[in-house]
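What follows is the residue order along each chain.
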Amino acid sequence: MKTRLYLLPLFMLLVCGCTPMQVPYRRLSRAEAYREVYVQQPRSILILPPLNLTADAEAAWQFYSTLYLPLANAGYYVIPPALTRHILMKEQLTDHSLFSSHDYELLDELFAPDMILLTTLKQWEKGFGLQEGEIIVEAEYRMVLAKTRQEVFNRRTTATYYLSSKVEGSKFLSFISSTVRTASTRVVEVARACTNNSFSDFPFGPYSPHFMKDSREDAGPPTMVLVWGSGGNDNW
């Protein structure tokens, strides 16, 4: 019996030791999270067309239109997306998931950027139900240094907008028609909000008066979940 009593604490220790511990997210400063951006001080960004994993063929280009402004406003020279798209389609470089080292070298010859933004569009949903409809945009944003392809920023964001409504009887068809029109317009707004929030903590660039003055500010988490619209809240 004594032997069993002595072994029991050891057994409990081994069992407890095998239980995975939940490590809480520790908020980092921007200097800690995006160290290489402050060290390298890049000036220009090339935005590649998104990798589209959704069923909507037009979604990628609508999402692409949301990427330029937040980075330009942050103080970077962003190579015009329309020009980028035209040249890459001509060179048949439209799927960055298949890029080789040679392809990246060609990007350097064509554009000579300091950083490259790679995005993946994972959800672009406009769902409707009797009580409410919802719009969901989910995307991953990766920024890499052009020369070394070292990742300096990675964020996955899901943005959901609820079209609140309570519909009765014959009003249902009218509601669906109105909701479809609203959702078609607002899905781009949701995507823009998704992008703006994703880059809200990205270090300011050299063309901003805040350049190199924001390193002590908090960086956001690697994953963001954003919700709007419920209860009439329309704040983006």
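Residues numbered from 1 in each chain as written. Predicted model: local features only at pLDDT ≥ 70, side-chain atom pairs only at ≥ 80, totals over all residues. Heavy atoms only, no water.

*Asks:* Tell me about the packing of aromatic side chains, residues and numbers included.
*Replies:* All chains considered together, the criterion is met by 10 aromatic pairs. Here the aromatic rings of F63 and Y141 are separated by 5.9 Å at their centres, their planes lie at 50°, and the arrangement is tilted. Highlighted residues: F63 in helix 4 (residues 59-64) and Y141 in strand 5 (residues 132-145), separated in sequence by 78 residues. Judged by its relative accessible area of 0%, F63 is buried. (Phe/Tyr/Trp six-rings, centres within 6.5 Å; stacked < 30°, edge-to-face > 60°. Helix = DSSP H or I, 4+ residues; strand = E, 2+ residues; numbered from the N terminus. Buried < 20%, exposed > 50% of the residue type's maximum accessible area, 1.4 Å probe, protein only.)

*Asks:* Can you lay out the pairing of strand 1 (residues 44-47) for me, pointing to particular residues and giving the numbers?
*Replies:* A regular strand carries its side chains on alternate faces of the sheet. By the alternation rule, side chains of strand 1 split into S44 and L46 and I45 and I47, which are all buried. Inspection of the sheet shows strand 1 paired to strand 3 (residues 77-78) by two bridges, in the parallel sense. For S44, the partnering residue across the bridge sits in strand 3 and is Y77. (Pairing = 2+ DSSP bridges.)

*Asks:* Lay out the pattern of salt bridges in plain terms, naming residues and giving numbers.
*Replies:* Per the counting criterion, the structure on display carries seven salt bridges. Ionic pairing is found between R156 and E138, a salt bridge with its closest N-O pair at 2.6 Å. With R156 in strand 6 (residues 151-164) and E138 in strand 5, this pair connects stretches of sequence that are 18 residues apart. Taking relative accessible area as the criterion, R156 reaches 38% and is therefore assigned partly exposed. For E151, the salt bridge is made with R142, and the minimal N-O distance between the two is 2.7 Å. Where salt bridges share partners, they join R30, D214 and E217 into one cluster. (Salt bridge = Lys/Arg side-chain N within 4 Å of Asp/Glu carboxyl O.)

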